[in-house]
Amino acid sequence: MKQGYRIAVVYARYSSDNQRDASIDAQLRAIHDYANKNNILIIREYIDRAKSGTTDQRPEFLEMINDSKEKEFEVVLVHKLDRFSRDRYDSAIYKKKLSNQGVKVLSVLEPMLDGSPESIMLESIVEGYSQYYSANLKREVEKGMKENALKCLHNGGQAPLGYGVDPETKKYYIIDEEANIVRRIFDMYINNKGYSEIINSLNSLGAKTKKGQSFGKNSIYGILKNEKYKGVYIFNRSAPKDANNKRNHHKSKDDSEIIKIEGGMPVIIDAITFDQAQELLKKNKHRAGSYLAKKPYLLSGIVECALCGHAMTGSTATGGRNKSSYSYYMCTKKMNKKKCKNKNVRKEYLEEFVLQMILDNLLVEDNVDELIENIKTYQQKKHADSDLEIESLTALLNDNKVKINNIVDSISQGISSPALLKKLNELENETSSLENKLRSETQENIKSKVDRKDLLSAINQFRTNIFKSSENELKTIMRNFVEKVKIYIDHVEVVLKLDHILCVIGGGGGSRTRVR
Ligand SMILES: [Zn+2]
């Protein structure tokens, strides 16, 4: 190795969304030139091609950060600082990580970063600009979409059932065949037909959702709630993605961010019918709550006070104007007259919320692919266990048969004793019990293979029947799907689990015990 050289790696990125980017080759050429002039020895190049500026989409960048722990280089060379990161916060975090390993970031086009006050100021200006650029780009895109919205034009994504979009003008038009399905749904609902009846009728017609799936309770609900059908154009309904990068469709943005234009869509459902449906939806919403009110505490043992970590337990009190009794969950520490600031939670509200979480998050038609993946992983594990079990049971059985044959042979040759007969008897009993175990294990093994169609119909069945379930069934459902419910002062956290999903929707009830 040459003396007096600083050891460096190169990080280069090319984003396809920015036409003004220097190509990777040009970036690399400039970096190598700079390195030669400044006694820097490059030992490796990390290059992310055609990725956007978001860090999690930069695998080479993350590898570089990770490799810095090996302390094999002391400098990261970039062409421009905005190649390193477009987000100031993100940039600061990664620079700190590198600097913890004694690694510095050097920019070829902004080469003043020597730690002087001027360079620190320059760095922050340069970085501030990158961030401005990024934010500005986003604003431009959003502005364009907003302008589209004000003209009631389609803004990307899938048009709702009943509508098509003219590819040139981006204007909505009605697709009669689909609109008739929407009209049927509204018509049945305002005539007091339940979800399952509506779903059955649609299935018998062979009707499908816009995604080509059969209708479920959620898709019907979504259609009944969609104001577009009565001619209101809506833009910006869904909330931004959450920390897990998942869009939460159940949360809407502030009203100020929603653009609503009456008469901005071709009308499929008249206002009277639409409003009638909304009234009914509101009325039906309370059914679950009042239904749960009469049941015992379904979440006992799963509810925890997030403030002090104690369990929360069911309790009843009388109150209100007409002195009626109501039930709630209360922190046990608080119940024992010790200090905890947590509030009590009304029983039926909490239980309905948790049940709705199960329905919305686990057993949703839209989730079915993810669900199947989870179940497959779970089954693979279970199958491996089960296959092993079958193998060892078979081996034991064969072993027993050999022993039995030997004894039978001895007896047929005239060799017999009470001890031998007793042993034969034991072996035969053991064999028949092993055979039983093997039979049930094999059956379980076959039963736990679920295909998509079965799972879908099981989910729909479960959704339709959930509010008809008995106390014990509801308790089992909660226990099987919910790991823990944590009560904070201003929100509730529900930790769901997937493991037992098969047993519950398979209707088998309870998990199966392993043969020992
Ligand atoms: Zn507490």
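Refer to the preceding data block for the structure.
Please read all numbers here as calculations on a predicted model, not as lab measurements.

S.K.: An account of the overall build of the chain is requested, with residue identities and associated values reported.
M.R.: Broken down by element type, the chain carries 16 helices and 14 strands. For the chain, long-range pairs separated by at least 24 residues make up 65% of all intrachain contacts whose partners lie at least 6 apart in sequence. Of the roughly 30,500 Å² that the chain leaves accessible, carbon and sulfur atoms contribute 50%.

S.K.: Pulling in residues and values, what's your account of the pattern of salt bridges?
M.R.: A complete count under the given rule lists ten salt bridges for this structure. The salt bridge partner of D275 is K230, with a shortest N-O separation of 3.6 Å. You can see D275 sitting in helix α9 (residues 271-293) and its partner K230 sitting in the loop between α8 (217-225) and β7 (232-235), a full 45 residues away along the chain. A residue is classified by how much of its surface remains accessible, and D275, at 38% relative accessible area, is partly exposed. You can call K230 partly exposed: its relative accessible area is 24%. The shortest N-O distance in the salt bridge between E279 and K282 comes to 3.9 Å. Here E279 and its partner K282 are both found in helix α9, three residues apart, which amounts to about one turn of the helix.

S.K.: Any details on the coordination of the zinc ion? Residues and values, ideally.
M.R.: Distances from the zinc ion to its protein donors, C305 (SG), C308 (SG), C331 (SG) and C340 (SG), fall within 2.2 to 2.3 Å. One way to put it: the four donor atoms around the zinc ion meet at angles of 97 to 118°, and that makes the site tetrahedral. All donors of the zinc ion belong to a single chain; written as a sequence motif, their spacing is C-x2-C-x22-C-x8-C. Of the residues examined, C340 reaches a relative accessible area of 14% and is grouped as buried.

S.K.: Can you explain the sheet that holds strand β13 (residues 482-487)? Please cite residues and give values.
M.R.: Within the open sheet, the three strands sit side by side as β9-β13-β14. Their pairing is mixed. Either end of the sheet is taken by a strand with one partner, and the two such strands are β9 (303-305) and β14 (492-496). When the angles between neighbouring strand axes are averaged without regard to direction, this sheet yields 20°. For β9 and β13, the ladder comprises three bridges, and the chain directions are parallel. If you follow E304 over to β13, its bridge partner there is K486. The strands touched by helix α15 (residues 471-481) within the sheet are β13 and β14, with β13 carrying the most contacts at an inclination of about 85°.

S.K.: Now, about the sheet that holds strand β1 (residues 6-14): what can you tell me, with residues and values included?
M.R.: Spatial strand order, β2-β1-β3-β4: four strands in an open sheet with parallel pairing. Looking at which strands have only one partner, the edges of the open sheet turn out to be β2 (40-49) and β4 (104-107). Between one strand axis and the next, the sheet turns through 25° on average, direction left out of account. Two elements, β1 and β2, share nine bridges in a ladder whose sense is parallel. Looking at the pairing, V10 lines up with E45 of β2. Lying on the sheet, helix α1 (residues 24-37) is in contact with β1, β2, β3 (75-78) and β4; it crosses β2 at an angle near 165°. Strands β1, β2 and β3 of the sheet are contacted by helix α2 (residues 59-67), whose axis makes an angle of about 145° with β2.

S.K.: Go over the packing of aromatic side chains, please, and point to the residues and values.
M.R.: Taken as a whole and judged by the stated rule, the model has eight aromatic pairs. Seen in terms of ring centroids, F186 and Y229 are 6.3 Å apart; in terms of plane orientation they differ by 75°. Their pairing is edge-to-face. You can see F186 sitting in helix α6 (residues 176-190) and its partner Y229 sitting in the loop between α8 and β7, a full 43 residues away along the chain. Given a relative accessible area of 1%, Y229 falls into the buried group. A network of ring pairs unites the aromatic residues Y163, Y172, F186, Y229, Y233 and F274 as a single cluster. Over the face of the ring belonging to Y349 we find R346, whose NZ or CZ atom lies 5.4 Å from the ring centre.

S.K.: Explain the environment of L355 to me, using residue names and the numbers behind them.
M.R.: Considering the arrangement of structural elements, one finds L355 in helix α11 (residues 347-362). For the pair L355 and V482, spaced 127 residues apart in sequence, the C-alpha to C-alpha distance is 9.4 Å.

S.K.: I'd like a rundown of the pairing of β14, residues and numbers included.
M.R.: Pairing analysis gives five bridges linking β13 to β14, with the strands arranged antiparallel. The partner of V482 across the bridge, within β14, is L496.

S.K.: Now, about the nonpolar core: what can you tell me, with residues and values included?
M.R.: Judged by nonpolar contacts, the single largest core of 34 residues is most densely connected at I185, F186, F215, I220, L224 and Y229. Listing elements by their share of this core, those giving two or more residues are α6, α7 (195-205), α8, β7 and α9. The leading source of residues in this core is α6, at eight residues. Residues I302, V303, L474 and V485 belong to the second largest nonpolar core, which totals 23 residues.

S.K.: Lay out the packing of α6 against α7 with the relevant residues and their values.
M.R.: Taken N-terminus to C-terminus, the directions of α6 and α7 make an angle of 150°; their axes are 10 Å apart at the nearest point. Relative to α7, the element α6 lies roughly antiparallel. Between α6 and α7 the crossing geometry is right-handed. Along its contact with α6, which presents I181, R184, I185, M188 and Y189, the element α7 presents E197, I198, S201, L202 and L205. Class assignment for the residues of the contact of α6 with α7 results in seven nonpolar, one polar and two charged.

S.K.: So what's going on with α2? Which residues, and what values?
M.R.: Those residues of α2 that fall on the buried side of the exposure criterion are F61, M64, I65 and D67. Across the axial projection of α2, the buried residues extend over an arc of 165°, all falling on one side.

The rules behind each value
- Residues numbered from 1 in each chain as written.
- Predicted model: local features only at pLDDT ≥ 70, side-chain atom pairs only at ≥ 80, totals over all residues.
- Heavy atoms only, no water.
- Helix = DSSP H or I, 4+ residues; strand = E, 2+ residues; numbered from the N terminus.
- Contact = heavy atoms within 4.5 Å.
- Areas by Shrake-Rupley, 256 points an atom, 1.4 Å probe, with all protein chains shown as cover.
- Salt bridge = Lys/Arg side-chain N within 4 Å of Asp/Glu carboxyl O.
- Buried < 20%, exposed > 50% of the residue type's maximum accessible area, 1.4 Å probe, protein only.
- Donors = N, O, S within 2.8 Å, 3.2 Å for Na, K, Ca; no water.
- Tetrahedral: all angles 85-135°; square planar, octahedral: opposite > 155°, others 65-115°.
- Pairing = 2+ DSSP bridges.
- Axes fitted to C-alpha atoms, helices over the stretch in contact; angles between N-to-C directions.
- Phe/Tyr/Trp six-rings, centres within 6.5 Å; stacked < 30°, edge-to-face > 60°.
- Lys NZ or Arg CZ within 6 Å of the ring centre and 35° of its normal.
- Core = buried A, V, L, I, M, F, W, Y, C linked by side-chain atoms within 4.5 Å.
- Parallel < 35°, antiparallel > 145°, perpendicular 65-115°, else oblique.
- Left-handed = near helix turned anticlockwise from the far one by under 90°.
- Nonpolar A, V, L, I, M, F, W, Y, C, P; charged D, E, K, R; others polar.
- Arc of directions from axis to C-beta.

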